[in-house]
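Fold and geometry: a report
The chain contents come next:
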Amino acid sequence: MNVDILTHEKSISKTRARMAIADCDIHPSPKSVEIEIFPFLSKRWQEYMKTYGVIYRQGFPTGPAFPKGQPNAARRDSYPTSGGKPGSDLAFMQSQHLGPNNIQLGVLNPLQCAQGVQNQDFSAAYCNAVNQWQIEQWTSKDHRLKASLMVPYEDPLASVKEIEKWAGNEHFIQVLLLSRTAEPLGQRKYWPIYDAACRAGLPVAVHAFGYGGAPVTGGGWPSFYIEEMVGHAQNTQSLLTSMVIEGVFEKFPTLKLILIEAGFAWLPALSWRLDKLWDRMRDEIPHVSRPPSQLIREHVWLTTQPMEEPEETNQLLDTIEWIGWENLLFATDYPHWDYDDPSRAMPIKIGKQQKEGFFLNNALKLYGLDQ
Amino acid sequence: MAISPNAFSNVIDCDIHPTVPSIDALLPYMNEHWQDTIVQRGVHELETISYPKNAPLTVRPDWRLEKGVPAANVDLIKRQALDPFGTSIAVLNCLYGVQLLMSEDMASAFASAVNDWIKAEFLDKEPRLRASIVIPTQSPEMAVNEIERLANDKRFVSVLMLVMDENPLGRRLYWPIYAAAERHGLPICVHAGSTYKHPVTSVGWPSYYTEDYASNAAAFHNMVSSFICEGVFAKFSDLKIVLAESGFTWFPAHLWRLTKFWRGLRAEIPWVDRPPIEIARDHFRLTLQPIDAPPTTEQFERLMDHMGSDEILLYSTDYPHWQFDETNVIPDGISKGLAIKIMEQNPKNTYPRLSAPLNNGINQ
């Protein structure tokens, strides 16, 4: 967190060769929406946005309900020398992050807020614009980078159209949703999205955050940003529970689910809890034919950032073993403040195969880029 | 080889549930206005969807009756919950849906009636029983009044709240409740269940009861965050919070995460002046059942190491909920030494009143 990445990198790069890294969570931003996104929006939506703004299920139009810990939730050193927001300058990202950290694959997850927008038609148009922008500004210019297919998930039929529009396009390697949806993601409303993603051969990724309208806890709104941040893990547990118990993985046996930036150490206890409840209440959920822990192990991947830090590092190894080494995908969350540095994220020595899987090969295999 | 609780001389069960047999049973403990209200308006039973009465988890099969309401009288509790386990003391946490009501006046009347019913039907009839004070959390002021009304009776050993209330439980509006509890040496028992003032998940209402029950664990995570981040323990340094029917295997991982974010964001909550995981170990206690246990004993032993303390768990059967069979309440992987702590020492260190002389509500 806030380690000066350039200085730090100089100090370590002399001492050892760096392995190639897959970074499964990078956040690109437009320099300005008017300059970079508007060219992909019709006049109607440009005017609409200028007049009414972007309305989500929260009260403030210009910022989050919980103000962040620092501006743009960004590392202080991630502001491009050319000006503009962190993550808005490819050359700067290349020289600060992609090059020094030897990023072989960088997965772009734009949090451009085209998702969870109340006006459904606008949300669909905005998602499509951001999809075009990712190719134009990023992935066509640097082939290490891959795009996420943004869909207006509260309108599943429009989402299906967007997926079908891009199916087979090599720039996109996953369908992206945000975690704070209006209904639990296992519910049937969302099934057409999973169906379309499976048909397009794309995993479905769910990034923490969003605007579903419900309080971030089942017991109301907390006071602090730290509670919301920590709460992304509970939020993600709820959506995963929903997807397992509703039978999504049985209905779509080829579905791959990626949970981004919600932690991972909570997964073993949740799996044990769900297994126990499944055993007790099978008459309520007969469509779930196997123990939830098995379904999760076969269908779910988690990105690692922000890495949990137990008091003793061997407890981290226990936890990863219980989840499965092959189910974790390394991520830095560049350019955000709680960035995990690939040279420091794993606090204990691990075997070569585990290390290569953790930092690179799990992601290449999942995304089908290992051929 | 699992340990049987019967092998121990002091067994303190920190979470058992008496059932209110019907709303009629509470009428004698209400004034004329509320008796009239309930009859004239046809107020329904305050069962809650947190525990559908015929769901398998709600009552263990051999604790169901051919006729009649399970766990609804002292004889059943003696025969099923106390004697078979060799229990010396058990704490009654009554889960009647008082906290779900919308009117604070009605909730207050029901809370008092439930407490007086517990006193007359259980505490006065069985010396091994203790109870948590049911409070109308709808109104912290009325909740404090209810605590004050009963605090002199040392058989009430804690104060009961549900994990999902209208606000996160650390919020300052609840602090008068914690001040009163601390003043009287009463821990707060935060029990699984929702007041259903909000959807039980942050993504809305789930479809299945299985999900509703599962969601309690996430809510316990949230409330641990809330109690710590709001500074409850900086203000009430003697307060203990018992997380009941919470599962406990999530506890270390959640505190790793909270502690990590505290390192980066502590400027927002400057009164949290040491790592949350340390605060949590000092102030939270978790009941044993249900155990969301890993598949192997070796993993369970590793997990107990992750807990980082042998003072956190409190023995509980969660009677009459179906969490285990026979008397297999203590899982493999808990040593005899740890079992003694869980069954006797930890409860006594958590509930000061378990070590104090009883006065049965009579002023001394």
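Structural data are supplied above this passage.
Since this is a predicted model, take the numbers as computed values, not measurements.

**Concerning the pairing of strand E2 (residues 103-108) of chain A**
Residue and element names in this part refer to chain A.
- Counting buried positions over the six residues of E2 gives five, a clear majority of the element.
- Bridge analysis of strand E1 (residues 21-26) against E2 gives four bridges, and the strand direction is parallel. In the strand pairing of E2, Ile 26 is matched with Leu 108.
- Here two bridges tie E2 to strand E3 (residues 145-150), and the two strands are oriented parallel to one another.

**Quick notes on the pairing of strand E4 (residues 156-164) of chain B**
Residues and elements named next belong to chain B.
- Most of E4 sits out of view: nine of its nine residues are buried.
- Of the strand pairs in this sheet, strand E3 (residues 129-134) and E4 are connected by four bridges, and their pairing is parallel. What sits directly across from Ser 132, in E4, is Ser 158.
- Handedness of the crossover joining E3 and E4 through helix H4 (residues 140-150) is recorded here as right-handed.
- For E4 and strand E5 (residues 188-194), the ladder comprises five bridges, and the chain directions are parallel. For Met 164, the partnering residue across the bridge sits in E5 and is Ser 194.

**Looking at the sheet that holds E3(B)**
All names here are of chain B.
- Taken together, eight strands build an open sheet; the order of strands is E1-E2-E3-E4-E5-E6-E7-E8 and the sheet is parallel. Each edge of the open sheet is held by one strand with a lone partner, namely strand E1 (12-16) and strand E8 (313-314).
- Relative to strand E6 (residues 241-244), E5 runs parallel, the two being bridged by four bridges. Looking across to E6, one finds that Ile 188 is bridged to Ile 241.
- In the packing of helix H5 (residues 175-183) onto the sheet, contacts are made with E4 and E5, and the angle to E4 comes to roughly 155 degrees.

**Quick look at the state of the cysteines**
Residues and elements named next belong to chain B.
- Applying the stated criterion across every chain, the model contains zero disulfides over all chains.
- Cys 14 forms no disulfide, and the closest cysteine sulfur to it belongs to Cys 189, at a distance of 8.9 Å.
- Since its relative accessible area comes to 0%, Cys 14 is described here as buried.
- Owing to a relative accessible area of 1%, Cys 189 belongs among the buried residues under this scheme.

**Examining helix H10 (residues 297-307) of chain B**
- Buried residues of H10(B): B:Gln299, B:Phe300, B:Leu303, B:Met304, B:His306 and B:Met307, and no others. Mapping the buried residues of H10(B) onto a view down its axis gives an arc of 150 degrees, with all of them on the same face.
- Looking at the buried side of H10(B), the elements it contacts are helix H10 (267-280) and helix H12 (313-323) of chain A together with helix H8 (251-265), helix H9 (276-283), E8 and helix H11 (336-350) of chain B.
- Phi turns positive, to about 75 degrees, at B:Gly308, one or two residues after H10(B).

**Section: the interface of chain A and chain B**
- Taken together, the contacts link 68 residues of chain A with 70 residues of chain B.
- Of the roughly 5,800 Å² buried where chain A meets chain B, counting both sides, 59% is carbon and sulfur surface.
- Sorting the residues of chain A by area buried against chain B places A:Trp272, A:Arg273 and A:Arg280 first, and these three jointly supply 13% of that buried surface.
- Applying the counting rule to chain A against chain B returns six salt bridges.

**Describing the pattern of salt bridges**
All names here are of chain A.
- Scanning the entire structure with this criterion turns up 37 salt bridges over all chains.
- For Asp 195, the salt bridge identified is with Arg 199, shortest N-O distance 3.4 Å. On the criterion of helical spacing, the pair formed by Asp 195 and Arg 199 is a turn pair, its members being four residues apart in helix H7 (residues 191-200).
- Between Glu 356 and Lys 352 there is a salt bridge, and its shortest N-O distance comes to 3.0 Å. Highlighted residues: Glu 356 and Lys 352, both in helix H13 (residues 352-366), separated by four residues, approximately one helical turn.
- Residue classification places Lys 352 among the exposed positions, given a relative accessible area of 62%.

**Comments concerning the sheet that holds strand E7 (residues 300-303) of chain A**
All names here are of chain A.
- Strand order in the open sheet formed by eight strands is E1-E2-E3-E4-E5-E6-E7-E8, with parallel pairing between adjacent strands. Two strands close off the open sheet at either side, each with one partner strand: E1 and strand E8 (328-329).
- Where strand E5 (residues 204-207) and strand E6 (residues 257-260) come together, four bridges link them in parallel fashion. Opposite Val 204, over in E6, you have Leu 257 as the bridge partner.
- Seen against the sheet, helix H5 (residues 120-139) touches E2, E3 and strand E4 (172-178) and runs at an angle of roughly 175 degrees to E3.

**Thoughts on the nonpolar core**
- In this structure, A:Tyr194, A:Leu240, B:Phe110, B:Ile177, B:Tyr178 and B:Phe284 are the most contacted members of the largest nonpolar core, which totals 261 residues.
- If sequence neighbours within four positions are ignored, B:Phe110 has contacts with B:Ile23, B:Leu26, B:Met30, B:Ile38, B:Val43, B:Leu46, B:Tyr96, B:Val98 and B:Leu101.

**Some thoughts on the packing of H8(B) against H9(B)**
All names here are of chain B.
- Close contact between H8 and H9 brings their axes to 8 Å; oriented N to C, the two are set at 135 degrees. Comparing the axis directions of H8 and H9 gives the class oblique. Of H9, the residues touching H8 (which contributes Phe 251, Leu 255, Trp 256, Leu 258, Thr 259 and Trp 262) are Pro 276, Ile 277 and Ala 280.
- Taken together, the residues of the contact of H8 with H9 sort by class into eight nonpolar, one polar and no charged.

Rules used throughout
- Residues numbered from 1 in each chain as written.
- Chains lettered and ligands numbered in written order.
- Predicted model: local features only at pLDDT ≥ 70, side-chain atom pairs only at ≥ 80, totals over all residues.
- Heavy atoms only, no water.
- Buried < 20%, exposed > 50% of the residue type's maximum accessible area, 1.4 Å probe, protein only.
- Helix = DSSP H or I, 4+ residues; strand = E, 2+ residues; numbered from the N terminus.
- Pairing = 2+ DSSP bridges.
- Right-handed = clockwise from strand over helix to strand, strands pointing away.
- Contact = heavy atoms within 4.5 Å.
- Axes fitted to C-alpha atoms, helices over the stretch in contact; angles between N-to-C directions.
- Disulfide = S-S within 2.5 Å.
- Arc of directions from axis to C-beta.
- Buried area = accessible area lost by both parts, 1.4 Å probe.
- Salt bridge = Lys/Arg side-chain N within 4 Å of Asp/Glu carboxyl O.
- Core = buried A, V, L, I, M, F, W, Y, C linked by side-chain atoms within 4.5 Å.
- Parallel < 35°, antiparallel > 145°, perpendicular 65-115°, else oblique.
- Nonpolar A, V, L, I, M, F, W, Y, C, P; charged D, E, K, R; others polar.

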